[in-house]
Amino acid sequence: MTTDPGPELARATDLSGATALVTGAASGIGYACAARLATAGCAVHLVDLDRPSVLRAASELDGHPHVADLTEESAIGRLPTEVDVLVNSAGIQHVAPIHEFPAELFTRIQHLMVTAPFLLIRHCLPHMYARGWGRVVNMSSVHGLRASPNKSAYVAAKHGLEGLSKVTALEGARHGVTSNCVDPGYVRTPLLEGQLAAQAEANGITEDEVADRVFLHHSAIKRLIEPEEVAEVVGWLCGPGSDHLTGTSIPIDGAWTAH
Ligand SMILES: NC(=O)c1ccc[n+]([C@@H]2O[C@H](COP(=O)([O-])OP(=O)(O)OC[C@H]3O[C@@H](n4cnc5c(N)ncnc54)[C@H](O)[C@@H]3O)[C@@H](O)[C@H]2O)c1
């Protein structure tokens, strides 16, 4: 069965007329994605827990700010439903061995990085299905493709997100909706800076040494990734010509996962 692409969106050379919703948009990769989609012509809704930062980001991008804790289902219910492009980027990280990992924090990480994307996808799909066009991009990680010690909650959540993204692709295909994961290695953002500081303290070495020995150890390109480099792939996944690219996971990792 073919799907009538219907809206001008499917034929557009850019994303003018489309509406995007980006979570975690106050900072890092989410902000870069919001900026990239705004440049492509989208009206952008920026969702984040951090009120001052999301207000500032929305003002910079001429977008619409939404202050929301995505671990609360009621907060998701208040977000707009008329969304053509959904980017799930909000995330947190905690590093500890399983036998010391706080159970409440494990649950919160699953909620933010698996349940919230599920609820948001469910929230936005009826509009995308009605239009016969939509794009879902889930910000996974190389840790959605492989494991690392001491990152149980993060690895479990990203693997869960990979599965959710694939099922969304299977169900969305006949409605003109694609769903993909993007899987970065280490990206220069506040989240990474927190990890750098924690690992430097835990191992008694400098942050530069952590970056060289730990974060860049697996990368054939010996520099951290910039958020804009990730956003460029997201923009391409949402742009014209990407109809058949669905159900995939795209590493942006300097050949880390090629090892
Ligand atoms: N930085 C990296 O190296 C890297 C690598 C691979 C994947 N990622 C993924 O990219 C995504 C973005 O990470 P980043 O590095 O840009 O981090 P970041 O800390 O710069 O941004 C994350 C944003 O999520 C928001 N957020 C956190 N909890 C929230 C909640 N409960 N409700 C709403 N918003 C909330 C934060 O306020 C923040 O603005 C995450 O899913 C992360 O796992 C990051």
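Everything below is about the structure shown above.
Computed from a predicted structure; not experimentally measured.

With that out of the way, let us pick up the pairing of strand β5 (residues 134–139). In terms of burial, β5 is a largely internal element, six of the six residues being buried. The alternating pattern of β5 places G134, V136 and N138 on one face and R135, V137 and M139 on the opposite face, and all of these are buried. Bridge count for strand β4 (residues 85–88) against β5 is four bridges, and the pairing is parallel. Within β5, the residue paired with V87 across the bridge is V137. Following the chain from β4 across helix α4 (residues 103–131) to the adjacent parallel β5, one finds a crossover that is right-handed. Relative to strand β6 (residues 177–184), β5 runs parallel, the two sharing six bridges. For V136, the partnering residue across the bridge sits in β6 and is S179. For the segment spanning β5, helix α5 (residues 152–172) and β6, crossover handedness is right-handed.

This paragraph deals with helix α1 (residues 28–39). Relative to the 16 Å expected for twelve residues at 1.5 Å per residue, α1 spans 17 Å between its end C-alpha atoms, a close match to the ideal helical length. For α1, the full list of buried residues reads G28, I29, G30, A32, C33, A34 and L37. Of the residues flanking the end of α1, it is G41, one or two places downstream, whose phi is positive at about 110°.

This brings us to the site of the ligand. Neighbouring the ligand are 30 residues; S27, D48, Y154, V187 and T189 lie closest to it. Taking A68, its main chain carries an N or O atom lying 3.4 Å from a nitrogen atom of the ligand. Residue D69 places a side-chain N or O atom 2.9 Å away from a nitrogen atom belonging to the ligand. Contact with the protein chains removes 93% of the 830 Å² of surface that the ligand exposes when unbound. According to the grid-proximity analysis, the pocket containing the ligand is the largest pocket. Looking at the shell around the ligand, the elements with two or more residues in it are α1, α4, α5 and α6 (190–203). For the shell around the ligand, the element with the highest residue contribution is α6, accounting for three residues. Residues that form the shell around the ligand fall into these classes: 16 nonpolar, nine polar and five charged. Shared between two domains, the shell around the ligand holds at least three residues of each, these being domain 1 (16–185 + 226–243) and domain 2 (188–224).

Cut-offs applied
- Residues numbered from 1 in each chain as written.
- Predicted model: local features only at pLDDT ≥ 70, side-chain atom pairs only at ≥ 80, totals over all residues.
- Heavy atoms only, no water.
- Buried < 20%, exposed > 50% of the residue type's maximum accessible area, 1.4 Å probe, protein only.
- Helix = DSSP H or I, 4+ residues; strand = E, 2+ residues; numbered from the N terminus.
- Pairing = 2+ DSSP bridges.
- Right-handed = clockwise from strand over helix to strand, strands pointing away.
- Expected span 1.5 Å × (residues − 1).
- Near = heavy atom within 4 Å.
- Polar contact = N/O pair within 3.5 Å; in protein donor to acceptor, adjacent residues only side chain to side chain.
- Areas by Shrake-Rupley, 256 points an atom, 1.4 Å probe, with all protein chains shown as cover.
- 1 Å grid on protein atoms, 1.4 Å probe; cavity = no way out; pocket = protein on both sides within 12 Å on 5 of 7 lines; lining within 4 Å.
- Sits in = over half its atoms within 2 Å of the grid points.
- Nonpolar A, V, L, I, M, F, W, Y, C, P; charged D, E, K, R; others polar.
- Domains from an automatic or database assignment.

Keep in mind that these numbers describe shape and distance, not what the molecule does.
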